[in-house]
Amino acid sequence: MQCPYCESTEIRKNGKRRGKQNHICNNCERQFIDVYDPPKGYSEKLKQECLKMYLNGMGFRGIERVKGVHHTTIISWVKQIGEK
Ligand SMILES: [Zn+2]
């Protein structure tokens, strides 16, 4: 467990907020709730690269082979940008 702001592991408990454990960082003094979730899965950079390949006419399976990203993941990314 570490501070999501400065990545310090010098944290202490700071009571509860709405049933969730609140923490305070000894280093930067900022507060945060329970477990901080880092971005899951692939990086934004890899995502953009895959989307660029898709926009250049490459198939999902081709991108999967080149980038090692499962094609269903790429399809979900394409849907995401399609909704914007
Ligand atoms: Zn901190």
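Whatever comes next refers back to the structure up there.
Residues numbered from 1 in each chain as written. Predicted model: local features only at pLDDT ≥ 70, side-chain atom pairs only at ≥ 80, totals over all residues. Heavy atoms only, no water.

Enquirer: How would you summarise the pairing of strand S2 (residues 20-25) if you had to cite specific residues and measurements?
Expert: Across the six residues that make up S2, a large majority, five, are buried. Two elements, strand S1 (residues 11-17) and S2, share five bridges in a ladder whose sense is antiparallel. Within the sheet, the bridge partner assigned to Lys16 lies in S2 and is Gln21. In textbook terms, the turn of a hairpin is the stretch between consecutive antiparallel strands, and for S1 and S2 this stretch comprises two residues, one of which, Arg18, has a positive phi near 50 degrees. Bridge count between S2 and strand S3 (residues 31-33): three bridges; the pairing is antiparallel. (Buried < 20%, exposed > 50% of the residue type's maximum accessible area, 1.4 Å probe, protein only. Helix = DSSP H or I, 4+ residues; strand = E, 2+ residues; numbered from the N terminus. Pairing = 2+ DSSP bridges.)

Enquirer: Report on the coordination of the zinc ion, specifying residues and quantitative values.
Expert: Of the protein atoms, only Cys3 (SG), Cys6 (SG), Cys25 (SG) and Cys28 (SG) coordinate the zinc ion, at distances of 2.3 to 2.4 Å. Angles of 107 to 118 degrees at the metal separate the four donor atoms of the zinc ion, which places the site in the tetrahedral class. Summarised as a motif, the one-chain spacing of the donors to the zinc ion is C-x2-C-x18-C-x2-C. Of the two residues, Cys3 is situated in the segment before S1 and Cys25 in strand S2; the sequence distance between them amounts to 22 residues. (Donors = N, O, S within 2.8 Å, 3.2 Å for Na, K, Ca; no water. Tetrahedral: all angles 85-135°; square planar, octahedral: opposite > 155°, others 65-115°.)

Enquirer: Run through the packing of helix H1 (residues 44-55) against helix H2 (residues 60-67), naming residues and quoting values.
Expert: Describing two packed helices takes the angle between their axes plus the distance from one axis to the other. For the pair H1 and H2, interaxial distance at closest approach is 10 Å and the crossing angle is 140 degrees. Classified by the angle their axes make, H1 and H2 are oblique. Both H1 and H2 take part in a crossing whose hand is right-handed. Residues Leu46, Glu49, Cys50, Met53 and Tyr54 of H1 pack against Phe60, Ile63, Val66 and Lys67 of H2. (Axes fitted to C-alpha atoms, helices over the stretch in contact; angles between N-to-C directions. Parallel < 35°, antiparallel > 145°, perpendicular 65-115°, else oblique. Left-handed = near helix turned anticlockwise from the far one by under 90°. Contact = heavy atoms within 4.5 Å.)

Enquirer: Now, about the packing of aromatic side chains: what can you tell me, with residues and values included?
Expert: The tally for this structure, following the rule as stated, stands at two aromatic pairs. Measuring from centroid to centroid gives 5.7 Å for Tyr42 and Trp77, while their planes differ by 85 degrees, and the two rings are edge-to-face. Placement of the pair is Tyr42 in the loop between S3 and H1 and Trp77 in helix H3 (residues 71-83), with a sequence separation of 35 residues. On the basis of relative accessible area, Tyr42 is assigned to the partly exposed category, the value being 37%. Centroid distance Tyr54 to Phe60: 5.2 Å. Interplanar angle 10 degrees. Geometry classified as stacked. We classify Phe60 as partly exposed; its relative accessible area is 26%. (Phe/Tyr/Trp six-rings, centres within 6.5 Å; stacked < 30°, edge-to-face > 60°.)

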